[in-house]
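Residue strings, one per chain:
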Amino acid sequence: MIENCTTLYPNDIVGRKVSEYSDQHSVPLPEGLVKYHEWVLRSQEHSHFTISLLEARMLSWMARMVNAKRVLEIGTFVGFSVATWANAVGKDGSVTGLEKSPEFAQMARDQLSRFGWNNAEVVTGDALHTLARLEPPEPYDIIFIDAQKSGYPAYLKIILDQSQPGQANRLLRPGGLIIGDNALRCGLVADESDDNPATKTVPRHTINWDWNNIAFLDEFNKMMHGHPRIEAMLLPVFDGLGLGRLLD
Ligand SMILES: C[S@@+](CC[C@H](N)C(=O)[O-])C[C@H]1O[C@@H](n2cnc3c(N)ncnc32)[C@H](O)[C@@H]1O
């Protein structure tokens, strides 16, 4: 039996070329966003925190596909992905980012203003507290989760608890999207054996890495997949993109 499953990334070299080719053949990003990304790569010690330009293209495309006008991001770093959402929702839309580090949050505010994304705000604080306290006048169309991996199940629970049918100030609208970044974490969520070279490389490349994160990501993926209110799709692209559509 031959399975219909294409191996796009047989090795690192092909994988890089496939990504570059896809980058060149996907929705264009405005010059301001490309320059913002260059600034992150040039100036930030932890620039690998930020999404790639290709992921920015895909998130922009998805936002437009669902006609998103309001986006919430959990884990903002220095603001590049918030700027991506701010561009995608247009000037009549709005974006809120939640960031624990006051330094990162301030850098994000400064750069968003410098690059002219005035339809975005950044709230400082631990998102486990700030998320639960949000009372949006209108629900968000998309909630993007990209903060500490150990928090993913808790964030999902708060989103579901505070997006009940008929609830005032609910967080996510019916049909809204939950997007969890890094849901497969270098493939470690699916394969933690020695077959996966990331078992050796990840701790060296990631600060504050905790192997318990894998268990939390697995729990998040299982919650998304098994929850009766969510239609889930786990995409093996980038570092794993966990997508969920809230049904009610
Ligand atoms: C992967 S980075 C986010 C990258 C960003 N979304 C981007 O693409 O540019 C994760 C961020 O989450 C923040 N973070 C970690 N724990 C957090 C928490 N409990 N609440 C809010 N932010 C948190 C970190 O300070 C870091 O800036």
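All values reported here derive from a predicted model rather than from experimental measurement.

Thoughts on the site of the ligand
Here's step 1: Close to the ligand lie 18 residues, the nearest being Thr50, Ser81, Glu99, Ala127 and Asp146.
Here's step 2: In the model, a nitrogen atom of the ligand is placed 2.9 Å from a nitrogen or oxygen of the Gly75 main chain.
Here's step 3: A distance of 3.1 Å separates a nitrogen atom of the ligand from a polar backbone atom of Lys100.
Here's step 4: In isolation the ligand exposes 600 Å². Once the protein is present, 90% of that is buried.

Considerations on the packing of aromatic side chains
For any pair of aromatic rings, the description rests on two quantities: the centre-to-centre distance and the angle between the ring planes.
Here's step 1: Tallied over the entire structure, the rule returns 7 aromatic pairs.
Here's step 2: Ring centres 4.8 Å apart and planes at 20° place the aromatic pair Tyr36 and Phe115 in the stacked group. Within this pair, whereas Tyr36 is found in helix α2 (residues 31-43), its partner Phe115 is found in the loop between α5 (102-114) and β3 (120-124), the two being separated by 79 residues in sequence. The pair formed by Tyr36 and Phe115 is uniform in burial state, with each residue classed as buried.
Here's step 3: An angle of 85° between the planes, with centres 4.8 Å apart, marks the rings of Phe77 and Phe104 as edge-to-face. One end of the pair, Phe77, is in the loop between β1 (70-74) and α4 (80-89); the other, Phe104, is in helix α5, with 27 residues separating them in the sequence.

As for the side chain of Asp141
Here's step 1: Position of Asp141 among the secondary structure elements: in strand β4 (residues 140-145).
Here's step 2: Since its relative accessible area comes to 10%, Asp141 is described here as buried.
Here's step 3: For Asp141, the side chain forms a polar contact with the main-chain nitrogen of Lys69, separated by 2.7 Å.
Here's step 4: A polar side-chain atom of Asp141 sits 2.7 Å from a polar atom in the side chain of Arg173.
Here's step 5: Leave out the neighbours within four places in its chain, and Asp141 touches Ala68, Lys69, Arg70, Leu172, Arg173, Gly176 and Leu177.

Overview of α5
Here's step 1: For α5, spanning 13 residues, the distance from its first C-alpha to its last is 18 Å, which sits close to the expected 18 Å at 1.5 Å a residue.
Here's step 2: Three or more residues of α5 are buried, namely Phe104, Ala105, Ala108, Gln111 and Leu112. Taken down its axis, α5 places every buried residue within 135° of arc, on the same side. In α5, the exposed positions angled more than 90 degrees off the buried face are occupied by Glu103 and Arg114.
Here's step 3: If you follow the buried residues of α5, they end up packed against α2, α4, β2 (94-99) and β3.
Here's step 4: Where α5 ends, the next residue or the one after it, Gly116, has phi of about 85°, a positive value.

Re the packing of helix α3 (residues 53-65) against α4
Here's step 1: Interhelical geometry of α3 versus α4 gives an angle of 35° and a closest axis separation of 9 Å. You can see that α3 and α4 cross each other, and the crossing is right-handed. Residues Leu53, Ala56, Leu59, Ser60, Ala63 and Arg64 of α3 form the contact with α4, whose own contacting residues are Phe80, Thr84, Trp85, Asn87 and Ala88.

Description of unusual backbone geometry
Of all residues except glycine, most have a negative phi; of all peptide bonds, most are trans.
Here's step 1: Not every positive phi belongs to a glycine, and Phe77 is a case in point at roughly 55°.
Here's step 2: Located in the positive-phi region is Asn169, a residue other than glycine, with phi close to 55°.
Here's step 3: Mapping Asn169 onto the fold places it in the loop between α7 (152-161) and β5 (172-181).

A closer look at the pattern of salt bridges
Here's step 1: In total, this model carries 10 salt bridges according to the counting rule given.
Here's step 2: A salt bridge links Lys222 to Asp218, with the nearest nitrogen and oxygen atoms 2.8 Å apart. Remark: Asp218 and Lys222 occur in helix α9 (residues 212-226); sequence separation between them is 4 residues, near one turn of the helix.
Here's step 3: Residue classification places Lys222 among the exposed positions, given a relative accessible area of 52%.
Here's step 4: For Glu231, the salt bridge goes to Arg245, with nearest N and O atoms at 3.0 Å. Residue Glu231 is located in strand β6 (residues 230-235), and its partner Arg245 is located in strand β7 (residues 241-246); the two are separated by 14 residues in the primary sequence.
Here's step 5: Assessed through its relative accessible area of 36%, Arg245 is described here as partly exposed.

Thresholds applied
Residues numbered from 1 in each chain as written. Predicted model: local features only at pLDDT ≥ 70, side-chain atom pairs only at ≥ 80, totals over all residues. Heavy atoms only, no water. Near = heavy atom within 4 Å. Polar contact = N/O pair within 3.5 Å; in protein donor to acceptor, adjacent residues only side chain to side chain. Areas by Shrake-Rupley, 256 points an atom, 1.4 Å probe, with all protein chains shown as cover. Phe/Tyr/Trp six-rings, centres within 6.5 Å; stacked < 30°, edge-to-face > 60°. Helix = DSSP H or I, 4+ residues; strand = E, 2+ residues; numbered from the N terminus. Buried < 20%, exposed > 50% of the residue type's maximum accessible area, 1.4 Å probe, protein only. Contact = heavy atoms within 4.5 Å. Expected span 1.5 Å × (residues − 1). Arc of directions from axis to C-beta. Axes fitted to C-alpha atoms, helices over the stretch in contact; angles between N-to-C directions. Left-handed = near helix turned anticlockwise from the far one by under 90°. Salt bridge = Lys/Arg side-chain N within 4 Å of Asp/Glu carboxyl O.

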